[in-house]
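Architecture at a glance
Residues per chain, in single letters:
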Amino acid sequence: MNIRYILFFLIIFILNPNFESQKKGKKKEETTPYQEYLILLREYKKSCRTALKPFRYDGALTTHFSYKDYDYSKEVEIATIQNQIYRLSFNANGITGDGIKIKIFDKPKKFRTRILLYEKENVSASDFIIETDIMIEELKKAKNKELENNTEFSDEERNYQKSIIEKLRVKKLYIDYVIPASERVFEEDEEGNEKRVITKAAIILAVGYSNI
Amino acid sequence: MIMRKFDIYSLLFLFVFATFNISCESENSETINEVQDDSSDDLSHSIEIDTMDDDYVFMPPSPIQIASILNKANMKYEEGLANNISNAKLYSTKFKQSINFGVYACDLAYCVTNEKYEEASKYLKVSKDLAAKIGMESIFLSDNLVERFEANVGNQDSIMSILFHVQMMTDDYIYDNDLSDLSVIYFTGAWVEGMNIGTHTMLGNDDHKISILLSEQMTIARSIIRGLRAVKSQTEDLVDLTDHIEEVVNAYNNLWSVKQEGENIEYLDVELKHEEVISISEMILELREEITL
């Protein structure tokens, strides 16, 4: 009788962790809102890549960010190594909060004299494409202006510089995502603890090049 | 009677023990739940740490693009230029496997863009083997890639679209698993291989326009160095490689044809003199040997 009881409880005892692990397994299957968001981003990435057509796919990058109580920027460098037109496809559907600013430069942040080649404000919940031909024009415009302002050049030198400017192309692009400041928001959980609310967002960039 | 009492005590003991065990388990699960709840909260109420919080990211071009530069320069396919497949068994460290995964990716694209499908098929298989060693096998297992590739041999468009598919899957895998360090090393391999193939062709060719290839690829060398220096685990192999690439870049920047362009070098293609090509080529070939042998 004694042994039977002991065996009975031992069986319950042994089975118990299995029940628990089954419960845990079930929990794992549930998708959290954050995971759902990541799945959604994957879908956005697909359509971002599709928007590259008829350009050829070169790469894609998802930039995650959270709003802080000050403005800040994140920089993405891309190499446009072929003397071809590149298409940049942006998908900002992962931005549900305040719109961000996209600025594209010819040089990285540390250069104060870098040239702004493209700018778009208040980007959120949308998608769009741009191509590098307009940026090359901006670069040439800025370089020509620099040349006009420089009075030290002789006419001969000026003509030579002009011919050089005509040949210029963009080999690298620096894309700055300027994330606007957002007020700190706190909220209390069920136990009365104060927690800072962090709003996250993401922007997807796909790059393609002309194959012609 | 004593036995019966003992029975009851045993039962009680086991009951208490089993109950205690259950409560411990449930306490653990609650703790996990709390953590999970944080992440499973509404998006705007998450306190999850943003793991991709770098303020600067370099997005390298794909190995396919590197191979397509070679192809557009009308460089003919040369047998024996690509890394020998049998070398794959020499790569025993993760670093060597990762960097040569990039080398073979470039070789694969080089073969495909030149319609050398039999060779391409071999490079696809060796890439798959190396991918398995660095934990990226799933890329090649999905959609029966190797079988599809073999079934489409001869159909350039289909083969290219399979190659682009592999590229996208690789990009996604690297992103999903936060493997940006691996991505830098892998891309460096593809870059060195592109330079190696280009260099060999330039040495046997006086066409100055082909030397533009070198300047196109050198454009990204500084970014590669920056990326390699930022890799978290700085092994001896990695430091040596980065230093070696830096030497090549410095030598390139000191070439007369490069120097004379001044500030505009950032925006211009440079045609190198043949002797300049020779001097820089030797360094590139050494660099390539360092990673493949």
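This is a predicted model, so every value here is computed, not measured.

Criteria and cut-off values
Residues numbered from 1 in each chain as written. Chains lettered and ligands numbered in written order. Predicted model: local features only at pLDDT ≥ 70, side-chain atom pairs only at ≥ 80, totals over all residues. Helix = DSSP H or I, 4+ residues; strand = E, 2+ residues; numbered from the N terminus. Buried ≥ 20, exposed ≤ 12 C-beta atoms within 10 Å, placed from the backbone. Contact = placed C-beta atoms within 7 Å. Expected span 1.5 Å × (residues − 1). Arc of directions from axis to C-beta. Pairing = 2+ DSSP bridges. Axes fitted to C-alpha atoms, helices over the stretch in contact; angles between N-to-C directions. Core = buried A, V, L, I, M, F, W, Y, C linked by C-beta atoms within 7 Å. Parallel < 35°, antiparallel > 145°, perpendicular 65-115°, else oblique. Nonpolar A, V, L, I, M, F, W, Y, C, P; charged D, E, K, R; others polar. pLDDT = per-residue confidence, 0-100.

Some remarks on the overall build of chain B
What chain B contains, in helices and strands, is 13 helices and one strand. Of the regular secondary structure in chain B, the N- to C-terminal order runs α-β-α-α-α-α-α-α-α-α-α-α-α-α. Taken across its 293 residues, chain B has 37% of its residues classed as buried. Long-range contacts, defined here as pairs at least 24 residues apart, represent 72% of the contacts in chain B between residues at least 6 apart.

Things to note about the overall build of chain A
A count of helical and extended segments in chain A gives four helices and 10 strands. Reading the secondary structure of chain A in the N-to-C direction produces α-α-β-β-β-β-β-β-α-α-β-β-β-β. Of all 212 residues assigned to chain A, the portion counted as buried reaches 29%. Residue pairs at least 24 apart in sequence account for 77% of intrachain contacts in chain A once pairs closer than 6 positions are excluded.

Observations concerning helix 11 (residues 236-253) of chain B
All names here are of chain B. End to end, helix 11 covers 26 Å across 18 residues, agreeing with the expected 26 Å (1.5 Å per residue, within 8%). What helix 11 keeps buried is the set Leu241, Ile245, Val248 and Tyr252. In a view along the axis of helix 11, the buried residues occupy a sector of 55 degrees, so they form one face of it. Exposed and facing more than 90 degrees away from the buried side of helix 11 are Glu236, Asp240, Asp243 and Asn250. Summarising the contacts, the buried residues of helix 11 are in contact with helix 9 (212-218), helix 10 (221-229), helix 12 (256-259) and helix 13 (274-292).

Considerations on unusual backbone geometry
All names here are of chain A. That bond from Lys53 to Pro54 is cis: its omega, 10 degrees, falls within 30 degrees of zero. Residue position: Pro54 is located in the loop between helix 2 (33-50) and strand 1 (56-66). Of note, the phi angle at Asn122 is positive, near 50 degrees, even though the residue is not glycine. Looking at the secondary structure, you find Asn122 in strand 5 (residues 116-123). For Asn122, a count of 12 C-beta atoms within 10 Å translates into the label exposed. The residue Ala125 is not glycine, and still its phi comes out positive at about 40 degrees.

Quick word on the sheet that holds strand 3 (residues 86-91) of chain A
The strands making up a sheet associate through backbone hydrogen bonding, with each pair oriented either parallel or antiparallel. Residue and element names in this part refer to chain A. The sheet built from four strands is open, its strands ordered 1-10-3-6 with antiparallel pairing. For this open sheet the edge positions go to strand 1 and strand 6 (127-131), each flanked by a neighbour on one side alone. Averaged over all pairs of adjacent strands, the angle between strand axes in this sheet comes to 15 degrees, irrespective of strand direction. Bridging between strand 1 and strand 10 (residues 200-209) involves 10 bridges; their strand directions are antiparallel. Of the residues in strand 10, the one forming a bridge with Ser66 is Lys200.

Description of the pairing of strand 10 of chain A
All names here are of chain A. Counting buried residues along strand 10, nine of its 10 residues qualify, which places the element largely inside the surrounding structure. By the bridge criterion, six bridges tie strand 3 to strand 10 in an arrangement that is antiparallel. Residue pairing in the sheet places Arg87 in a bridge with Gly208 of strand 10.

Section: the nonpolar core
With 107 residues, the main nonpolar core has Ile203(A), Leu205(A), Leu108(B) and Ala109(B) as its most contacted residues. With 12 residues, helix 3 (residues 94-113) of chain B is the largest single contributor of residues to this core. Setting aside chain neighbours within four positions, we find Ala109(B) in contact with Pro63(B), Ile64(B), Ala67(B) and Leu163(B).

Some thoughts on the environment of Asn83(B)
Along the chain, Asn83(B) turns up in the loop between helix 2 (63-72) and helix 3. When near neighbours in sequence (up to four residues on either side) are disregarded, Asn83(B) contacts Asn100(B), Val103(B), Tyr104(B), Asp107(B), Glu193(B) and Thr292(B).

Quick word on the sheet that holds strand 1 (residues 56-59) of chain B
The strand order 5(A)-4(A)-7(A)-2(A)-1(B) describes an open sheet built from five strands, whose pairing is mixed. With one partner strand each, in any of the chains shown, strand 5 of chain A together with strand 1 of chain B form the two edges of the open sheet. If you compare each strand with its neighbour and ignore which way they point, the axes differ by 15 degrees on average. For strand 2 (residues 72-79) of chain A and strand 1 of chain B, the ladder comprises four bridges, and the chain directions are parallel. Note on strand 1 of chain B: the bridge partner recorded for Ile78(A) is Met59(B). Strands strand 4 (100-105) and strand 5 of chain A of the sheet are contacted by helix 3 (residues 132-149) of chain A, whose axis makes an angle of about 125 degrees with strand 5 of chain A.

Some remarks on the packing of helix 3 of chain A against helix 4 (residues 155-167) of chain A
Residues and elements named next belong to chain A. Interaxial distance between helix 3 and helix 4 falls to 10 Å at its minimum, and their mutual angle equals 170 degrees. Comparing their axes, helix 4 and helix 3 come out roughly antiparallel. Listed contacts from helix 4 to Lys140, Lys143, Asn144 and Leu147 of helix 3 are Arg158, Gln161, Lys162 and Ile165. By residue class, the composition of the contact of helix 3 with helix 4 is two nonpolar, two polar and four charged.

Some points on the confidence of the model for chain B
Residue and element names in this part refer to chain B. Per-chain confidence: chain B averages 80 in pLDDT, with 80% of residues scoring 70 or above. In the model, residues 18-52 has pLDDT below 50 throughout and makes 43 contacts with residues more than four positions away in sequence or in other chains. Predicted complex metrics record ipTM = 0.76 and pTM = 0.80.

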